[in-house]
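Descriptive analysis of the structure
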Amino acid sequence: MPWIKVAKVEEIPAGSRKVVDIDPDLSIAVFHVDGEWYAIENRCTHDDGPLVEGDLVVPYVVECPRHGARFDIRTGDVLRMPAFEPVPVFEIKVENGEVYVHVE
Ligand code: FES
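Here the residue numbering is sequential within each chain, running from 1 through the sequence in written order. pLDDT decides what is reported in this predicted model: residues at 70 or higher carry local features, side-chain atom pairs at 80 or more are listed and counted, and totals for whole chains, interfaces and linings draw on all residues regardless. Side-chain metrics rest on all non-hydrogen atoms present in the structure, leaving aside hydrogens and water.

Bringing the packing of aromatic side chains into the picture now. Side-chain rings of Phe, Tyr and Trp (the six-membered ring for Trp) are treated as a pair once their centres are within 6.5 Å; stacked means planes under 30 degrees apart, edge-to-face means over 60, and tilted covers the remaining angles. Within this structure, the stated rule accounts for one aromatic pair. With a centroid separation of 5.8 Å and 75° between ring planes, the pair formed by Tyr38 and Tyr60 is classed as edge-to-face. Of this pair, Tyr38 sits in strand S4 (residues 36–41) while Tyr60 sits in the loop between strand S5 (55–58) and strand S6 (61–63), and the two are 22 residues apart along the sequence. Taking the relative accessible area as the measure of exposure, Tyr38 reaches 11% and is therefore buried. Helix and strand definitions here come from DSSP, where helices need a minimum of 4 consecutive H or I residues and strands a minimum of 2 consecutive E residues; each element is numbered from the N-terminal end. The buried label applies to any residue whose accessible area, calculated with a 1.4 Å probe on protein chains only, is under 20% of its type's maximum; exposed applies above 50%, and partly exposed to all values in between.

In structure tokens:
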């Protein structure tokens, strides 16, 4: 798949996030943090928790709302159990006021 337009910039103000359903099997959480943009799969690798609803315990670390696993949203790396597998991350860019995510 190519770059997919997921939102207008003003729909995701700094400090907020949005879920984008790409297809029935793929939901992506887009985060706008400190002027940076990140996109991760909206599914915790422990037990499918909705990561978009998690707190950012530091600007780049999301905590799963279900059992508290933590992931680096820049890389997808697991930082705390009970998850062991990294969460997929996606390239993201902003052009002409629109946000795009690259999905393979
Ligand atoms: S579903 Fe995320 S920690 Fe269990």
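Let's shift gears to the sheet that holds strand S7 (residues 70–72). Here, strands pair whenever DSSP counts at least two bridges between them. Strand order in this open sheet of four strands is S5-S6-S7-S8, and the pairing throughout is antiparallel. The strands lining the two open edges of the sheet, one partner per strand, are S5 and strand S8 (78–80). Ignoring which end each strand starts from, the neighbouring axes of this sheet average 35° apart. The sheet contact formed by S6 and S7 spans three bridges and is antiparallel. The partner of Val61 across the bridge, within S7, is Asp72. Inter-axis angles, ranging from 0 to 180 degrees, are taken between N-to-C directions of lines fitted to C-alpha atoms, where helices are fitted over the stretch in contact.

With that out of the way, let us pick up the pattern of salt bridges. Any two side chains of opposite charge can pair if their charged atoms end up close together. Whenever a carboxyl oxygen of Asp or Glu lies within 4 Å of a side-chain nitrogen of Lys or Arg, that contact is scored as a salt bridge. Scanning the entire structure with this criterion turns up eight salt bridges. In this structure, Lys5 and Glu98 form a salt bridge, with 3.8 Å as the shortest nitrogen-oxygen distance. Separated by 93 residues along the polypeptide, Lys5 in strand S1 (residues 3–8) and Glu98 in strand S11 (residues 98–102) bring together distant segments of the chain. Overall, Glu98 belongs to the buried group, its relative accessible area being 14%. Taken together, the shared-partner salt bridges connect Lys5, Lys8 and Glu98 into one network.

What follows deals with the environment of Arg70. For Arg70, the position within the fold is in strand S7. Through-space distance from the C-alpha of Arg70 to that of Leu56 is 9.2 Å; in sequence the pair is 14 residues apart. Here a residue-residue contact requires only that any non-hydrogen atoms of the pair lie within 4.5 Å. Discounting chain neighbours no more than four positions away, the residues touching Arg70 are Val57, Val61, Val62, Glu63, Asp77, Val78, Leu79 and Arg80. Pairs of N or O atoms are called polar contacts if they sit within 3.5 Å, as long as, within protein, a hydrogen donor faces a hydrogen acceptor (for residues adjacent in sequence, only side-chain-to-side-chain pairs). A distance of 2.8 Å separates a polar atom in the side chain of Arg70 from a polar atom in the side chain of Glu63.

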